[in-house]
Amino acid sequence: MSLDADGNASPAAASDGLVISRGGMAALVDVLVRRGFTVVGPTVRDGAIVLAELRSADELPYGRGVELEAGRYRLRERSDGAAFANSAGPQSWKAFLHPSRVREWSADRVGDEVVFTADQVTPPRYAFLGVRPCDLRAIAVQDRVLTGGVYRDPVYEGRRSGALLIVVECTEPGATCFCVSMGTGPAASPGYDLVMTEVVDEDGHHFWARSGSPEGAEILAELPGHPADPETQETARAGVAAAADRMGRTLPEADLRELMAGTLDAPRWDDVAGRCLTCGNCTMVCPTCFCTTTEDITDLTGDHAERWRLWDSCFDLDFSQLHGGPVRASSRSRYRQWMTHKLGTWYDQFGSSGCVGCGRCIVWCPVGIDITEEAAALHDWTRSGAPESAPESP
Amino acid sequence: MSAVAPPLPYRVADAWDETADTRSIELVPAGRELPPFSPGQFAMIYAFGVGAVPISASALRGRHGGLVHTVRAVGAVSTALCRLRSGDTAGLSGPYGTGWDLEAAVGHDVLVIAGGIGLAPLRPVVHAVLDRPAAYGRLVILVGARTPADLVYRDEIESWRGPARVEVTVDRPGQGWRGAVGVVTTFLDHLDLRPDRTSALVCGPEVMMRHTARDLVARGLVPHRVQVSLERNMHCATGHCGHCQLGPLLLCRDGPVVGYDRVAQLLLVREL
């Protein structure tokens, strides 16, 4: 059962879902908090829309949009008051599911022995409010990487298994977005517990909410609203469809895996290496980049040691360190590793692309390197009579 | 609850020098024991407070019944491991990765080619083949090292002569070296290879493996019958840290032992 705008019980939102107002959004956060979730969603902080714990829906970025370009991110006011008419910010959900810093275990010298102790942690139960479709796919990609193989990462699994995903479809793509090229948006694919589409029109500010899981349906049933009318549904669908036509970027229409594998010797890698600072920003903001390093520390007694796991970046010189030096010493090889992994070898390793088209790597690159532009340049090279990609001689 | 499994404590039963910078340590479980290792598989060995590194087992059953690993002191962790003495404790996890595919070599001549400490992951192969002589054809062991002083397992290598054909060469002979000088592939011309029924297992510096595998294929071996054991930086060994990529491969998961057919092209790309 759900309650209508007057708080009266109404037939539960069937397959058509429920239309809720800003008040309904406030109720949603309250319901989630009451159910024990740690609610995380977008909010304005430090001149950006970041993901942070929300105590109420008032903290959502109502009336804030973003202006994005390569190497540029600016907030701007929106007169329509929309909360979700802004594309990806600097963080992604991996900050919560695959934290940047985790203590894995500790070890203590006790007499002649060493005792290892696992770090038993009960993770919070997250409700992610405002997951964009591209980021929903990014979560699915990390699911496969971190829990889809022979070994499952217990840290990720523990945080992921209890997480409630509330997707908001995209109606306002940014200039750096290319989810259509990657087939990840702007409409939501399955995998969510709840999905919403934000509608601001002459009838007001609404969210068309549908459930995608039994738990999502239960939560929906607790919200004040009215069963979705055809007009609202149509406006919502039209908004999402229009977003698909307003992508700021595209990737070349080519088999990207083949393109990457076939251009390892392209001169374009030298060109991009001349611009790339190897700072690793792209890997930090990427919602699928998962690489980590380990840090082993001891206390002053020397008898207590800890193993920590930290996000790492393939742009770091130490990343490929072997005795004798790094395998990938040049910035050319490190940019190539990142991009060919993201768009190419990820398929071989994990069965999908590693890119979801969110555009974060473009926005947060300090020199504005654009993965879509680089891919296009490689594609052009193959079509302009590139030498048969003969491997370099040893 | 979710917790990353820590390594298991293993006690150093014995530790000894192999060369000036290389030691072997035999580890026995201090409590719970890891599942059995196959030849070519590796462990992550943790030195208290310093870190862990991937090391392939160099013997699956040492004199004390433990796992033997041979470690060259090249970094902070390996140096710490080389300082371990009998009675010390290390952390061990594993077994990880693909091992040498010895089943595929049944009925074949087995050609073991090692460069330097690359003999370590191959030594369990030699033991396995010597244990089941009827299952295989001829056993040929080619060992190369930079100098005579860099040869590991010198006495044991001598003990393999007889059941196996053994050839040893060094790049830079010192005084008193009466053996062969040069790269290990020079032996290939004098082996009476039967390419259609030979399995080759190769481990050494990457450039040595590349040349050796290429020469073997040039002599008629099918590329997938040439196995190499590759090395990359590794932090987790469980396919999650991303450090051990070689193009499409995660070497902790798809390796370290791979068929040359899968990596021939990859090994030709600089800095891949």
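Predicted model only: the values in this text are computed from it and were never measured.

Turning our eyes to something else, we now look at the overall build of chain A. In terms of regular secondary structure, chain A is built from 13 helices and 18 strands. In summary, chain A has a C-alpha radius of gyration of 23 Å against a globular reference of 21 Å for 394 residues, a match within 12%. In terms of principal-axis extent, the alpha carbons of chain A reach across some 75 × 70 × 35 Å. The 394 residues of chain A split such that 48% are buried. Contacts in chain A between residues at least 24 apart in sequence constitute 72% of all its contacts with a sequence separation of at least 6.

Another point: the domain arrangement of chain A. Residues and elements named next belong to chain A. Domain boundaries in chain A define domain 1 (2-244) and domain 2 (256-383). Each of domain 1 and domain 2 has a C-alpha centre, and these two points are 27 Å apart. In this complex, domain 1 contributes 40 residues to the contact, which on the side of domain 2 involves 33 residues. Those elements that provide at least two residues to the side of domain 1 that touches domain 2 are strand E7 (72-77), strand E8 (101-110), helix H3 (133-147) and helix H5 (179-182). Across the side of domain 1 that touches domain 2, the residue classes break down as 18 nonpolar, twelve polar and ten charged.

Our next topic: the nonpolar core. Ranked by internal contacts, the top residues of the largest apolar core, which has 187 residues, are Phe128(A), Ile166(A), Ile45(B), Ala90(B) and Val112(B). The dominant element in this core, judged by the number of residues it contributes, is H3(A), at seven residues. Residues contacting Ile166(A), with those up to four places away along its chain left out, are Ala127(A), Phe128(A), Leu129(A), Gly130(A), Val131(A), Tyr192(A), Asp193(A), Leu194(A) and Met196(A).

The subject of this paragraph is the sheet that holds strand E3 (residues 18-21) of chain A. Whenever strands of a sheet pair, they do so through backbone hydrogen bonds, lying parallel or antiparallel. Residues and elements named next belong to chain A. The strand order E5-E4-E10-E11-E12-E13-E3-E14 describes an open sheet built from eight strands, whose pairing is mixed. Every other strand in the sheet has two partners, leaving strand E5 (48-53) and strand E14 (226-227) as the edge strands with one partner each. Two strands pair when backbone bridges link them, and strand E10 (residues 126-131) and strand E11 (residues 164-168) are joined in this way by four bridges, in the parallel orientation. Residue Phe128 lies in a different strand from E11, and its bridge partner there is Leu165. Contacts from helix H7 (residues 230-244) reach E3, strand E12 (194-201) and strand E13 (204-211) within the one sheet, and its direction differs from that of E12 by about 95°.

Residues and elements named next belong to chain B. Taken as a whole, chain B is organised into domain 1 (8-96) and domain 2 (103-231 + 245-268). Look at where the C-alpha atoms of domain 1 and domain 2 centre, and you get two points 23 Å apart. In this complex, domain 1 contributes 15 residues to the contact, which on the side of domain 2 involves 16 residues. For the side of domain 1 that touches domain 2, the elements supplying multiple residues, two or more each, are strand E4 (51-59) and strand E5 (67-72). At four residues, the largest contribution of residues to the side of domain 1 that touches domain 2 is made by E4. A breakdown of the residues in the side of domain 1 that touches domain 2 according to their chemical character gives seven nonpolar, six polar and two charged.

Now for the interface of chain A and chain B. Across the boundary between the two partners, chain A contributes 50 residues, which contact 39 residues of chain B. Of all the secondary-structure elements, those providing two or more residues to the side of chain A that touches chain B are E8, strand E9 (113-118), helix H4 (154-161), strand E15 (292-298), strand E17 (321-322) and helix H11 (331-350) of chain A. Taken together, the residues that form the side of chain A that touches chain B break down as 22 nonpolar, 18 polar and ten charged.

With that out of the way, let us pick up the sheet that holds E5(B). Residue and element names in this part refer to chain B. Pairing is antiparallel in the closed barrel, where six strands are placed in the order E1-E2-E5-E4-E3-E6. With direction set aside, neighbouring strand axes in the sheet form an average angle of 45°. Strand direction decides the pairing type here: E4 and E5, joined by two bridges, are antiparallel. By the bridge assignment, Ala57 is partnered in E5 with His69.

Along a regular strand, successive side chains alternate from one face of the sheet to the other. All names here are of chain B. With six bridges joining them, strand E8 (residues 139-145) and strand E9 (residues 165-170) adopt parallel strand pairing. Across the sheet, the residue bridging to Ile141 is Val166, located in E9. Remark: the E8/helix H3 (residues 154-160)/E9 crossover connection has right-handed handedness.

With that settled, consider the confidence of the model for chain B. Averaged over chain B, the pLDDT score is 96; the fraction of residues at 70 or greater is 100%. Interface scoring of the predicted complex returns ipTM 0.94; its pTM is 0.94.

Mapped onto the elements, Gly242(B) comes out in the loop between strand E12 (226-229) and strand E13 (245-246). Sequence separation of Gly242(B) and Ser159(B) is 83 residues, and the distance between their C-alpha atoms is 41 Å. Setting aside its immediate chain neighbours within four residues, Gly242(B) contacts Phe290(A), Cys291(A) and Cys314(A).

Rules of the game
Residues numbered from 1 in each chain as written. Chains lettered and ligands numbered in written order. Predicted model: local features only at pLDDT ≥ 70, side-chain atom pairs only at ≥ 80, totals over all residues. Helix = DSSP H or I, 4+ residues; strand = E, 2+ residues; numbered from the N terminus. Rg over C-alpha atoms; globule rule 2.2 N^0.38 Å. Buried ≥ 20, exposed ≤ 12 C-beta atoms within 10 Å, placed from the backbone. Contact = placed C-beta atoms within 7 Å. Domains from an automatic or database assignment. Nonpolar A, V, L, I, M, F, W, Y, C, P; charged D, E, K, R; others polar. Core = buried A, V, L, I, M, F, W, Y, C linked by C-beta atoms within 7 Å. Pairing = 2+ DSSP bridges. Axes fitted to C-alpha atoms, helices over the stretch in contact; angles between N-to-C directions. Right-handed = clockwise from strand over helix to strand, strands pointing away. pLDDT = per-residue confidence, 0-100.

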